[in-house]
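# Results of the structural survey
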Amino acid sequence: MSTPKFPSPSTPVSIEGPLKVLLLENIHASAEEMLAAEGFAVERLKGALKPEELEERIQGVHLLGIRSKTNVWEPALAKAPNLLAVGAFCIGTNQVDLKSANTHGVPVFNAPFSNTRSVAELVIAEIVMLTRQLGDRNREVHAGQWRKVATGSHEVRGKTLGIVGYGHIGTQVGVLAESMGMRVLFYDVMTKLPLGNSRPTATLHELLENSDFVTLHVPATPSTEWMIGAAELSRMRKGSCLINASRGTVVDIPALAKALQSGHLSGAAVDVYPTEPETNSDGFVTELQGLPNVILTPHIGGSTEEAQASIGKEVATSLIKFVRSGATTGAVNFPQVETPLIPKTHRILNVHRNTPGVLRDINKIVSDLNANIHAQVLSTDANIGYLVMDLDQDVANPVCNAIAGLTTDIKTRIVS
């Protein structure tokens with residue numbers, strides 16, 4: 001295991017004037033409205049930033065908001081000593097170096113629930129489109145061709161849907177599919193409670209062999225990388241269809257193209273790709289283009305007005321709670337702490353290296369300064385400790401300054 005890279009001991013986080021927020025990638029206006037209502041100075045940009053651009057723009061920023069195209073790596077984090085938190089206004093957080101953010105004392109918040117319905121509805125629509133070959137019929141009529149045929153078209157009622165990844169989205173897909181008369185199987189590496197009449201399978205291969213449609217809803221992890229390759233595609237029923245609205249690295253695209261060209265699979269719907277354009281003006285090429293009964297969409301699974309507004313509110317709420325009280329509930333890379341504010345106190349938030357004796361040293365500072373602790377909560381993970389401590393207002397500043405001077409300190413600030 002590599003040794004965590006911690007920043008040098010710090011001074012308390014500096015916030016002079018309004019707290020500075022940088023929102024990238026056209027994050028929904030609902031987030032800007034909520035953050036501005038708190039008195040924060042919000043800058044909202046339409047596009048993503050390249051790594052070197054982010055390193056320049058992040059300096060002096062307290063809150064950073066991104067979507068899927070901006071990568072937040074160690075070099076940028078190292079240049080942002082005042083960065084309090086990162087908001088990923090999406091489900092995935094693989095575009096953020098979570099370990100580096102952790103050791104820099106920066107919690108990362110995402111939106112695991114807000115676009116669930118939008119993605120689920122898209123998947124159901126694609127199931128119907130694939131089984132009726134609607135994409136091909138639509139293209140033909142636009143080209144002036146009239147092919148009124150029933151061959152190869154089916155109802156979804158009575159067909160079996162296999163869901164790989166039975167989380168927030170997978171369960172909703174299952175509920176909607178059952179309402180249309182489909183049988184639902186699911187496979188997950190964790191034991192999950194089935195909803196409705198959904199039934200788990202013991203293995204991925206069992207699901208693939210028994211499904212007319214397979215839809216993928218897994219995160220991007222080492223264990224899911226290329227999890228659907230030539231071997232897995234060959235296990236699928238002849239004439240079945242594959243849907244991927246999860247992550248682009250889950251499916252071997254060339255292998256999928258071959259399975260479609262050979263006729264083993266009768267169709268596919270793909271919304272995510274191993275490499276995607278950075279902007280809407282960039283071109284895009286994939287081996288799946290031009291194949292019959294293949295629906296290709298530009299990563300729009302959660303791109304509805306309702307989902308984006310909800311995501312904006314969900315992540316902005318998490319960021320505001322963290323700024324105002326230090327609450328880290330829902331952070332994907334941080335110890336979880338959420339305690340109510342105590343009237344007539346100041347709250348010190350301290351992130352430190354998780355080494356023996358830190359709390360002893362902090363409590364000695366408190367004792368030497370004759371401070372009175374009203375409440376104190378410490379939560380740790382393998383690398384860091386996160387301390388939330390409420391003190392009398394008149395001693396909070398000297399205590400905060402002394403804690404920030406410890407060699408184990410990563411990030412310290414006062415909530416007043």
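In case you missed it, the structure is sitting above this.
Treat the numbers as computed from the prediction; the structure is a model and nothing was measured.

### So, the sheet that holds strand β12 (residues 294-296)
What the seven strands build is an open sheet, ordered β8-β7-β6-β9-β10-β11-β12; its pairing is parallel. Bordering the open sheet on either side are β8 (199-200) and β12, each of which pairs with just one other strand. Strand direction decides the pairing type here: strand β7 (residues 183-187) and β8, joined by two bridges, are parallel. Counted as the bridge partner of F186 is P200 from β8. Together, β10 (240-244), β11 (265-270) and β12 form the strand contacts of helix α10 (residues 253-261), whose direction differs from that of β11 by roughly 145°.

### As for the packing of aromatic side chains
With the rule as written, the count across this model stands at four aromatic pairs. Between F109 and F322, the ring centres sit 6.0 Å apart and the planes meet at 50°, which makes this aromatic pair tilted. On the criterion of sequence distance, the pair formed by F109 in strand β5 (residues 108-109) and F322 in helix α11 (residues 305-325) is long-range, its members being 213 residues apart. Ring geometry for Y273 against F284: centres 4.7 Å apart, planes inclined by 65°, an arrangement best described as edge-to-face. Here Y273 is found in the loop between β11 and β12, whereas its partner F284 is found in the loop between β11 and β12, with eleven residues between them in sequence. Given the relative accessible area of 31%, F284 is considered partly exposed. Between the NZ or CZ atom of R413 and the centre of the ring of F322, over which it lies, the distance is 4.9 Å.

### A few points about the packing of helix α1 (residues 29-37) against α11
Running from N to C, α1 and α11 point in directions that differ by 30°, and their axes come no closer than 7 Å. Classed by the angle they form, the pair α1 and α11 counts as roughly parallel. Where α1 crosses over α11, the handedness of that crossing is right-handed. Contacts between α1 and α11 involve S30, A31, M34 and L35 from the former and Q308, A309, G312, K313, A316, T317 and I320 from the latter. Residues that form the contact of α1 with α11 fall into these classes: six nonpolar, four polar and one charged.

### Some words on the pattern of salt bridges
The final tally for this structure, using the stated rule, is 17 salt bridges. Between R324 and E38 there is a salt bridge whose closest N-O contact spans 3.0 Å. Placement of R324 in helix α11 and of E38 in the loop between α1 and β2 (41-44) is noted, with a sequence separation of 286 residues between them. With a relative accessible area of 36%, R324 lands in the partly exposed category. Where salt bridges share partners, they join R137, E140 and R147 into one cluster.

### Observations concerning the sheet that holds strand β16 (residues 409-415)
Overall, antiparallel pairing links the four strands, which are arranged β14-β15-β13-β16 in an open sheet. The sheet terminates laterally at β14 (373-380) and β16, the two strands that pair on one side only. Pairs of neighbouring strands in the sheet enclose a mean axial angle of 10°, with direction left out of account. Bridge count for β14 against strand β15 (residues 384-392) is seven bridges, and the pairing is antiparallel. By the bridge assignment, L378 is partnered in β15 with L387. Contacts between helix α13 (residues 396-404) and the sheet are confined to β13 (345-353), β15 and β16, with β16 contributing the most and set at about 170° to the helix.

Conventions we followed
Residues numbered from 1 in each chain as written. Predicted model: local features only at pLDDT ≥ 70, side-chain atom pairs only at ≥ 80, totals over all residues. Heavy atoms only, no water. Pairing = 2+ DSSP bridges. Helix = DSSP H or I, 4+ residues; strand = E, 2+ residues; numbered from the N terminus. Contact = heavy atoms within 4.5 Å. Axes fitted to C-alpha atoms, helices over the stretch in contact; angles between N-to-C directions. Phe/Tyr/Trp six-rings, centres within 6.5 Å; stacked < 30°, edge-to-face > 60°. Buried < 20%, exposed > 50% of the residue type's maximum accessible area, 1.4 Å probe, protein only. Lys NZ or Arg CZ within 6 Å of the ring centre and 35° of its normal. Parallel < 35°, antiparallel > 145°, perpendicular 65-115°, else oblique. Left-handed = near helix turned anticlockwise from the far one by under 90°. Nonpolar A, V, L, I, M, F, W, Y, C, P; charged D, E, K, R; others polar. Salt bridge = Lys/Arg side-chain N within 4 Å of Asp/Glu carboxyl O.

From the geometry alone we can't say anything about function, so treat these as descriptive.
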